[in-house]
Amino acid sequence: MKTRKPMVAGNWKMNKGLYATRDLLRELVPALSDVEGVDVVVCPPFVGLGVANRELGSSSIKLGAQNLHWEESGAFTGEISPSMVKDLCDFVIIGHSERRAMFGETDESVNKKVHAALKVGLSPIVCVGETLEENKSGQTGEVVSRQVREGLAGVEPEQAVKLIIAYEPVWAIGTGLAATPEGANAVHRDVIRPILGELFGDKIGNGMRILYGGSVKADNAKELFDQSDIDGGLIGGASLKVDSFVSIVQAA
Ligand code: 13P
C-alpha cells in the first residue's frame, strides 16, 4: 500500500498561448472537479501563467512554470525570477532534458535553480534521465545518480519535503516508446529512492514523490502508476488534450 499521494503534472512545453491556455483550462477545470486523492498540476508557457492563475481560481488544480532563473532580479534579458514565478505558481519544472540538451542546462545550473526555487517557497519538479546512448551502454544508474546528487546538493532535509523528482528517460520522451513499468520502477526504487534516503534520511526519502515521464498515455498510465515507487507522472503530449489528461489523472 502506497502512502505517498500521487501527482500528475502536465508539461505543456511550448504549446498553448494565452487564449489557448484559457480555453483548455475552461474545459479541464470542470472535467477534473470531482477528482480526489491525486495532486494535479498544469504547467503552461510563461505567457499563459497569468490567465491560468485566474482560470484555476479556487480549483484544486495547481499551477507550475516550466523554468526559472536563479537570480532574483537584474540585467538578465529574457529571464524570469523565482519570485515572479511564485507570484503565480506553486510548482516549477527544473532541468527538463530538453533544456539540458538545447539550452545548456547542467547539473550545476539545475542545483542553483533548485535552491532559488526553494528559497521563495516553490516546489521544484526536478527532471533526471539518461539518453538512449547512455541507456544502451549500461550507464543509466550512474547518470541518474549523478543528476540527483548534483541537482540536489546542499538541500536540507526540511526543504526536501517540497521536492518532487521526475524520472524521464530521454529516449522515451515524445517517442511513443514508454519505459516498461518494471524498468522505470527499478530506476525509481533502486537508484533514486536510496539516494533520497541517503541525502535526507529514510523517513523523508520514503515520503518524496518520484514521477515517471516519457510517453505516458491514457492506455499505459495505470500499469506505470501501479508500480511500488512510481508516484504519478509528468505528462507531455497527452496533457494537451482534455480526454487523455483526465484519463491519466483518473489512473492515478
Ligand atoms: P511526452 O509525454 O510527450 O513523451 O513528454 C514527456 C515529457 O517530457 C514531460 O516533461
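Further up the page is the structure itself.
Right, let's walk through the structure included here. No experiment lies behind these values; they were computed from the predicted model shown.

**Some remarks on the site of the ligand**
- Residues in close proximity to the ligand include Asn 11, Lys 13, His 96, Glu 168, Ala 172, Ile 173, Gly 174, Gly 214, Ser 215, Leu 234, Gly 236 and Gly 237, which together make up its full environment.
- One of the backbone N or O atoms of Gly 236 is found 2.9 Å from an oxygen atom in the ligand.
- Classifying every residue of the shell around the ligand gives 3 nonpolar, 7 polar and 2 charged.

**Quick word on the pairing of strand β5 (residues 123-128)**
- Burial analysis of β5 places 6 of its 6 residues in the buried class, which makes it a mostly covered element.
- Here β5 shows a buried face lined by Ser 123, Ile 125 and Cys 127 and a second buried face lined by Pro 124, Val 126 and Val 128.
- Pairing between strand β4 (residues 91-94) and β5: 4 bridges, direction parallel. Within β5, the position partnered with Val 92 by the bridge is Pro 124.
- Note: β5 against strand β6 (residues 164-167), 4 bridges, orientation parallel. Across the sheet, residue Val 126 finds its bridge partner in β6, namely Ile 165.

**Some thoughts on the nonpolar core**
- The biggest cluster of nonpolar side chains holds 62 residues, and the ones touching the most others in it are Leu 32, Val 42, Leu 152, Ile 192, Leu 196, Tyr 212 and Phe 245.
- If you tally residues by element for this core, the top one is helix α9 (residues 181-200), at 7 residues.
- Discounting residues that sit within four places of it in the chain, Val 42 has contacts with Gly 10, Trp 12, Leu 25, Leu 28, Leu 56, Ile 61, Lys 62, Leu 63, Gly 64 and Phe 245.
- Val 41, Phe 91, Ile 93 and Leu 234 belong to the second largest nonpolar core, which has 12 residues in total.

**What to know about the sheet that holds strand β7 (residues 209-213)**
- The 8 strands lie next to each other as β1-β2-β3-β4-β5-β6-β7-β8, forming a closed barrel whose pairing is parallel. Mean inter-strand twist for the sheet, computed between neighbouring axes without regard to direction, equals 25°.
- Those strands touched by helix α12 (residues 242-251) are β1 (7-11), β2 (39-43) and β8 (232-235), and its axis lies near 155° from that of β1.

**With respect to the packing of helix α5 (residues 107-119) against helix α7 (residues 140-151)**
- For the pair α5 and α7, the least separation of the axes is 8 Å and the interaxial angle reads 40°. Relative to α7, α5 is oriented oblique. Considering only the axes of α5 and α7, their crossing is right-handed. On α7, the residues that touch Asp 107, Val 110, Asn 111 and Val 114 of α5 are Arg 146, Gln 147, Glu 150 and Gly 151.
- Looking at the contact of α5 with α7 residue by residue, the class counts come to 2 nonpolar, 3 polar and 3 charged.

**Regarding the pattern of salt bridges**
- In this structure the tally under the stated criterion is 17 salt bridges.
- Residues Glu 198 and Arg 149 are paired through a salt bridge, measuring 2.8 Å at the closest nitrogen-oxygen approach. Of this pair, Glu 198 sits in helix α9 while Arg 149 sits in helix α7, and the two are 49 residues apart along the sequence.
- Accessibility expressed as a relative area gives 55% for Glu 198, which makes it exposed.

**So, the side chain of Asn 111**
- Position of Asn 111 among the secondary structure elements: in helix α5.
- Classification of Asn 111 as buried rests on a relative accessible area of 15%.

About the cut-offs
- Residues numbered from 1 in each chain as written.
- Predicted model: local features only at pLDDT ≥ 70, side-chain atom pairs only at ≥ 80, totals over all residues.
- Heavy atoms only, no water.
- Near = heavy atom within 4 Å.
- Polar contact = N/O pair within 3.5 Å; in protein donor to acceptor, adjacent residues only side chain to side chain.
- Nonpolar A, V, L, I, M, F, W, Y, C, P; charged D, E, K, R; others polar.
- Buried < 20%, exposed > 50% of the residue type's maximum accessible area, 1.4 Å probe, protein only.
- Helix = DSSP H or I, 4+ residues; strand = E, 2+ residues; numbered from the N terminus.
- Pairing = 2+ DSSP bridges.
- Core = buried A, V, L, I, M, F, W, Y, C linked by side-chain atoms within 4.5 Å.
- Contact = heavy atoms within 4.5 Å.
- Axes fitted to C-alpha atoms, helices over the stretch in contact; angles between N-to-C directions.
- Parallel < 35°, antiparallel > 145°, perpendicular 65-115°, else oblique.
- Left-handed = near helix turned anticlockwise from the far one by under 90°.
- Salt bridge = Lys/Arg side-chain N within 4 Å of Asp/Glu carboxyl O.

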